[in-house]
Amino acid sequence: MADITGSDVPRGQEVKWYAGGVATTETITVAAAAVTAGGFALTGTAEYGSVVATVNGTPTAIIEYLTSSATPATEAGGCDFVGYTGITEGDVVVLYYIDVGATTLTQVAACLDVKFSASADTKTAAVHGQANKLNSVGAVENTADLSEFYYNQTFVAMCIGDQVTGSPAAEKKTFTTRFTGVRKIGALVGKRANAAGTIVYKWFIVGARATGLDSEFPTEDNYKRSMRFQADYLTEVDLS
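Each value, and the rule that gives it
- By convention here, each chain's residues receive numbers from 1 onward along its written sequence.
- In keeping with the predicted nature of the model, local features appear solely for residues at pLDDT of at least 70, side-chain atom pairs appear and are counted solely at 80 or more, and the whole-chain, interface and lining totals rest on all residues.
- Excluded from the side-chain calculation are hydrogens and water; included are all heavy atoms of the structure.
- What is meant by a nonpolar core is a set of buried Ala, Val, Leu, Ile, Met, Phe, Trp, Tyr and Cys residues, joined one to another through side-chain atoms within 4.5 Å.
- Type-normalised accessible area, obtained with a 1.4 Å probe on protein chains alone, sets the label of each residue: buried when under 20%, exposed when over 50%, and partly exposed for intermediate values.
- Strands here mean DSSP runs of E at least two residues long; helices mean DSSP runs of H or I at least four residues long; both are numbered from the N terminus.
- Contacts are residue-level and defined by heavy atoms, with any inter-residue pair within 4.5 Å sufficient.

**Let's talk about the nonpolar core**
1) Next: Counting 19 residues, the largest nonpolar core has L146, F155, C159, I185, L188, M227 and F229 as its most contacted members.
2) Next: Counting only elements with at least two residues in this core, the list comes to β1 (15-20), β11 (134-149), α2 (154-159), β14 (184-193), β15 (199-216) and β16 (224-231).
3) Next: Take this core: its biggest share by element is 4 residues, from β15.
4) Next: Among residues more than four places away in sequence, those in contact with M227 are A144, D145, L146, E148, F155, V156, C159, G212 and L213.
5) Next: A53, V55, Y84 and Y97 belong to the second largest nonpolar core, which has 17 residues in total.

**Quick notes on unusual backbone geometry**
1) Next: A cis amide bond links S167 with the next residue in sequence, P168, at an omega value of 5 degrees.
2) Next: As for its position among the elements, P168 is in the loop between β12 (162-165) and β13 (173-176).
3) Next: Phi at N56 takes a positive value of approximately 55 degrees, unusual for a residue other than glycine.
4) Next: One can find N56 in the loop between β4 (52-55) and β5 (58-60).
5) Next: Phi is positive for E171, close to 70 degrees, though the residue is something other than glycine.
6) Next: Residue class for E171 comes out exposed when judged on its relative accessible area of 76%.

Written out as C-alpha cells, the structure reads:
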C-alpha cells in the first residue's frame, strides 16, 4: 500500500455543501427492450453519483448514463439513464436517487462543520447463573448536524419555518417559525474538488429532516446557526 499524504485526506477548504433535490424511489421490471438498450430511463434526473439500487433484492453496481448507454453520465449533465452488468428481462430493480430535475441543489454558502452519525439500537439483559449478559444489535439510526454563519435565510428556510420575499418592503425578506415546523430536504450533498476543479468525492446525506435549530449570538464572535437532522441513509461516492 502506498504512503498516505496530506493531499489524500479531505479538508473543509476543498468541499462545498449543497442542499435540495428530491429523494426518489423507483421500482422497475426490466423489459426486453431495456436489455437490448443496455438499460432504461429514470423518471427524473439523478444527481451524478446518487443512484443506488437492488436487483432482485441484491445490492448491485449501477452504471449511470446521460440519456442512453452510449454516453456516460457527468457531474454537469446528471443521469437520466441507468444500466448494470448482466441486465436480464424480468429483473426487478429498486432504485434510490436524488432527483434534481425540478428541485436543484443550492449551496449552503456559509457552511461550517458538518457531522453524520449512524448508531444502532442495542439491548442487554442479564441471565440467572450466566456470567455474561445477552446482547443484541437492532436497526441503525442516522443523524446529521450542520452549522453555518448568519449569512442569509435561504438554507435555514429549507430546513424549518417559512421565508417570504417582499416583507416588510419590496426586495426584503422575512423568516419566521410561526407557521411551519420542520421540513425534509432531499439530501445534503458534499462535493470535494481537486486543484483542477474536478469533483473527486461526494457525500449524500439523504432524506434529512430537521429536528432542531440553534441560533448563537456571541459577544465577540460571528453569529451562527446550527441545524440537527434525522436522515434516511448515507451514500459516499469515490470519483477519483
